[in-house]
Amino acid sequence: MGIKITGTGSYAPERILTNAELEKMVETSNDWIISRTGIRERRIAAPNEACSDMACKAATNALAMAGVAPKEIDLIIVASVTPDKHFPSTAAILQSKLDASNATCFDLQAACTGFLYSLECANALMANESNYRKALIIGVEKLSVLTDWQDRNTCVLFGDGAGAVVLEKRTGKKDIGGILASKLGTDGKYCDILQVEAGGSSMPATHETIDKRQHFIRMEGQEVFKLAVNAMSKACRDVLESASIRPEDVRWLIPHQANLRIIKAVGTKLGMREENVFVNLDKYGNTSAASVVIALDEIVRSSKVERGDYLLLTAFGSGLTWGATLLRW
Ligand code: ACO
């Protein structure tokens, strides 16, 4: 029968960090940040605001749109690189906060591609006669805790936030919406170009790792840039081809919101018109696993999508990981 999205929701923390404020923190300028990235401001979570708190707000909004009660949810997947704790999973913590006590819960880590990986995972778990009938899929990040606020190469890029979707089995043949095709990829030989080096089993936290600032994001920006454009455009072409849909039939390309130049390059490579490429990174920066799903929620809530429209979601992230998912609304 297939799976469709019946509700979307998102949450952005109240605190806005502007480029003007960043000018006072590192040697940068509003002009540089806007011209090289497209970002004007980003949201920063409160010190006592964990990913599960942001996820709970986004999930509550998505459940309300779907008209689904938390206890009806039988599967929760949370994608994040900034979980509340090493363990238990953020999904388990969220289950308790939402009172979704009938759900099987786990976290999934595929960096900025995490939401697309989670969608595909849920799609497979919910297929055919499976007992999973209603799922909550969440992308959430508190990247401000992994950001080196003394490193101008990275600190201007990231933000915090959460997005959620409710997935349900399609009910009948007339129901045209759903996940049509998906393509995911990973190339582990690029692990080193975008990473947080310390804090895991390969380099546990010590005073020295803290002194060397090894618990923060380190990135070779230009290398990531090139790989991102190629990986996303290829994944998009692959899913369009497998569903026999032309780029001009797509109502919205919803790309990972990392850099406006990357987004434009992917749109151009696919031959899509600018007005069909969704951009909101000016307001949020790069929110990693949350970025595509926050964008999807904005599109849905501003009535920019109609029943039957094709939506093409694409992302890339540390790993490197990448993916594209074609939805019919
Ligand atoms: N303000 C002013 N100057 C800066 C800043 C800044 N914030 N950051 C870097 N510069 C300088 C550099 O030091 C360099 O100076 P130099 O020429 O004197 O050496 C110059 O600007 C150019 O630097 P580049 O790195 O070549 O700049 P580029 O045009 O490549 O833009 C950027 C950098 C924005 C990081 C870009 O490469 C990019 O967006 N890459 C992809 C990043 C990305 O999407 N990452 C995904 C992360 S997702 C995750 O896993 C959380």
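Residues numbered from 1 in each chain as written. Predicted model: local features only at pLDDT ≥ 70, side-chain atom pairs only at ≥ 80, totals over all residues. Heavy atoms only, no water.

> Is there a simple way to think about the environment of L281 in this case?
Position of L281 relative to the elements: it lies in helix α10 (residues 281-284). Between the C-alpha atoms of L281 and E41, which are 240 residues apart in sequence, the distance is 8.3 Å. Setting aside anything within four residues of it in sequence, one finds L281 in contact with T37, G38, I39, E41, Q257, A258, N259, L260 and I263. (Helix = DSSP H or I, 4+ residues; strand = E, 2+ residues; numbered from the N terminus. Contact = heavy atoms within 4.5 Å.)

> I tried to follow the pairing of strand β11 (residues 250-255) on my own but got confused; where do I start?
Where a strand is regular, its side chains alternate between the two sheet faces. With five of six residues buried, β11 is to be regarded as a mostly interior element. As paired strands, β11 and strand β12 (residues 310-317) are joined by five bridges and run parallel to one another. Note on β12: the bridge partner recorded for I254 is L313. (Buried < 20%, exposed > 50% of the residue type's maximum accessible area, 1.4 Å probe, protein only. Pairing = 2+ DSSP bridges.)

> Sorry, what's going on with the sheet that holds β12 here?
Sheets are built from strands paired through backbone hydrogen bonds, the pairs being either parallel or antiparallel. The strand order β8-β13-β12-β11 describes an open sheet built from four strands, whose pairing is mixed. Edge positions in the sheet fall to β8 (178-186) and β11, since each has one partner strand and no second. Shown here is a sheet whose adjacent strand axes are inclined to one another by a mean of 10 degrees, direction ignored. Taken together, the eight bridges between β12 and strand β13 (residues 321-328) define a ladder with antiparallel strand orientation. Looking at β13, one finds that F316 is bridged to W322. Strand contacts of helix α11 (residues 291-301): β11 and β12, with the helix running at about 145 degrees to β11, the strand carrying the most contacts. (Axes fitted to C-alpha atoms, helices over the stretch in contact; angles between N-to-C directions.)

> In this structure, what is going on with the sheet that holds strand β7 (residues 160-169)? I would like to understand it.
With mixed pairing, five strands are arranged side by side in an open sheet as β1-β7-β6-β4-β5. Pairing within the sheet leaves two strands with one partner each, and these edge strands are β1 (3-11) and β5 (104-108). Neighbour-to-neighbour, the strand axes of the sheet open up by a mean angle of 15 degrees, direction not taken into account. Across five bridges, the pairing between strand β4 (residues 75-79) and strand β6 (residues 134-142) is parallel. Bridge pairing in β6 links V78 to I138. Along the sheet face, helix α3 (residues 51-66) touches β1, β6 and β7 and points at about 130 degrees away from the line of β1. The sheet contacts of helix α5 (residues 114-125) involve β1, β4, β5, β6 and β7, and relative to β4 the element is tilted by about 160 degrees.

> Help me understand the packing of aromatic side chains in this model?
In this description, an aromatic ring pair is defined by two values, namely the gap between the centres and the angle between the planes. Per the counting criterion, the structure on display carries one aromatic pair. Note on W252 and F278: the rings are 5.7 Å apart at their centroids and 90 degrees apart in plane angle, and the pair reads as edge-to-face. Taken together, the residues span a long stretch of sequence, with W252 in strand β11 and F278 in the loop between α9 (260-270) and α10 at a distance of 26 residues. Judged on exposure class, the residue W252 and its partner F278 are both buried. (Phe/Tyr/Trp six-rings, centres within 6.5 Å; stacked < 30°, edge-to-face > 60°.)

> Can you walk me through the pattern of salt bridges in this structure?
All chains considered together, the criterion is met by 18 salt bridges. Linking E49 and K57 is a salt bridge whose minimum nitrogen-to-oxygen distance equals 4.0 Å. Given the relative accessible area of 40%, K57 is considered partly exposed. (Salt bridge = Lys/Arg side-chain N within 4 Å of Asp/Glu carboxyl O.)

> I tried to follow the nonpolar core on my own but got confused; where do I start?
Within soluble globular proteins, side chains that are nonpolar tend to cluster in buried spots. Counting 42 residues, the largest nonpolar core has L253, I262, V266, L270, L312, F316 and L326 as the members making the most contacts within it. For this core, the secondary structure elements donating two or more residues are α8 (221-243), β11, α9, β12 and β13. No other element matches the nine residues that α8 contributes to this core. Two domains share this core, each providing at least three of its residues, namely domain 1 (3-169) and domain 2 (178-328). The residues contacting F316, other than those within four sequence positions of it, are C112, T113, V224, A228, M232, H256, A258, I262, T321 and W322. Of all hydrophobic cores here, the second largest spans 32 residues; its members include I3, L116, L167 and V293. (Core = buried A, V, L, I, M, F, W, Y, C linked by side-chain atoms within 4.5 Å. Domains from an automatic or database assignment.)

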